[in-house]
Amino acid sequence: MAPFAIGSLRRMLGLTPQASNLPALDENNRLCRELDQNRPLTDYVYTVLDTELTGLSARKEEIVSVGAVRVRGLAIVPGESFSCLVRPSIPLPKVSTLIHRITPEAIAEAPPLEEVLPGLIKFCKGTLIVGHHIGLDMSFLNRACRRRHGLPLANPCLDTMRMAMLWREKRSPAHYERFSLNISYVLTDLAEEFDLPRFTAHDALGDALQTAYLFVYLAKKIARNTPLTLRELFRAGQSWRWYM
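Computed from a predicted structure; not experimentally measured.

1. A few points about the packing of aromatic side chains
The tally for this structure, following the rule as stated, stands at five aromatic pairs. A connected cluster of aromatic rings, assembled from ring pairs, spans Tyr44, Tyr46 and Phe215. Above the ring of Tyr44, the side-chain terminus of Arg39 is found at 4.5 Å from the ring centroid. Sitting above the plane of the Phe123 ring, Arg70 keeps its charged end 4.0 Å from the centroid.

What follows is the structure, given as structure tokens:
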């Protein structure tokens, strides 16, 4: 069978990746699909990101700020960051302003998300995405990517909240501790517990930096001086209900 016919048949059967309307997104997704999970954690490049939102529902709320920093070789890379206010298409609820302190005046001249996404996708190109409760951030980003560009981001994600649970289990394997009401997985509480540098909470770039410090700390603790691979880290997290 000719190559063209094979390609057509694979597309008909849905066996080939779909293309978006943004070449940078297609290139990012191609690199992520080819990612080798058998390499040590120190070999990967990570994008640690955080978003501030108008609310928590990814179906009706929107992003108002994005912050991201780079981690390479399990070290934060100074100067490699992404930070942007975003003007949502819906009114900014007062209750959200009380949390992240972003006012309607502050975002009045900010670009809409469709103008911010290409730059953010470029910053994330081919990297692992890390966040604290990252599923929430990715639900907003992927909804926007699907709407604007036809496809979601294919970057594998690591959740520092999940990693903190894993580290606590390794450090104190008593089963009942998982359900202790005295244990907190709030980002600021974990930073204080592990004596990490502190950054402004509920500021997208500040929370991204805070998460990056937490990620580096937990990755090294979980690895315990052994060359832990990404696949092994994924498997270690499978004993918990939440996804990694």
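Still more ground to cover, so stick around.
2. Considering the nonpolar core
Judged by nonpolar contacts, the single largest core of 34 residues is most densely connected at Leu41, Tyr46, Leu158, Phe215, Leu230 and Leu233. Of all the secondary structure elements, the ones that give two or more residues to this core are strand S1 (45-53), strand S2 (63-72), strand S4 (128-131), helix H7 (160-171), helix H8 (187-193), helix H9 (204-223) and helix H10 (230-236). Examining the composition of this core, we find that eight residues originate from one element, H9, more than from any other. Ile63, Val86, Ile121 and Met138 belong to the second largest nonpolar core, which has 27 residues in total.

3. Looking at the state of the cysteines
Applying the stated criterion to the full structure yields zero disulfides. We note that Cys124 lacks a disulfide partner, and the nearest cysteine sulfur, in Cys32, lies 8.8 Å from it.

Conventions used here
- Per chain, residue numbering runs from 1 following the sequence as it is written.
- Where totals are concerned, whole chains, interfaces and linings use all residues; where local detail is concerned, this predicted model gives features only for residues with pLDDT of at least 70, and gives and counts side-chain atom pairs only at 80 or more.
- Side-chain metrics in this entry use all non-hydrogen atoms of the structure; hydrogen atoms and water are not considered.
- Only Phe, Tyr and Trp rings take part, Trp by its six-membered ring, and two of them pair if their centres are within 6.5 Å. Stacked means planes under 30 degrees apart, edge-to-face means over 60, and tilted covers everything else.
- Comment: the charge-over-ring label is applied if NZ (Lys) or CZ (Arg) is within 6 Å of the ring centre and within 35 degrees of the ring normal.
- The nonpolar core is taken to be a set of buried Ala, Val, Leu, Ile, Met, Phe, Trp, Tyr and Cys residues, with the residues joined through side-chain atoms within 4.5 Å.
- A 1.4 Å probe rolled over the protein chains alone gives each residue an accessible area, and that area as a share of the maximum for its type sets the label: buried under 20%, exposed over 50%, partly exposed in between.
- Helix and strand definitions here come from DSSP, where helices need a minimum of 4 consecutive H or I residues and strands a minimum of 2 consecutive E residues; each element is numbered from the N-terminal end.
- Criterion for a disulfide: a pair of cysteine sulfur atoms within 2.5 Å.

Just geometry here; none of it tells us what the structure is for.
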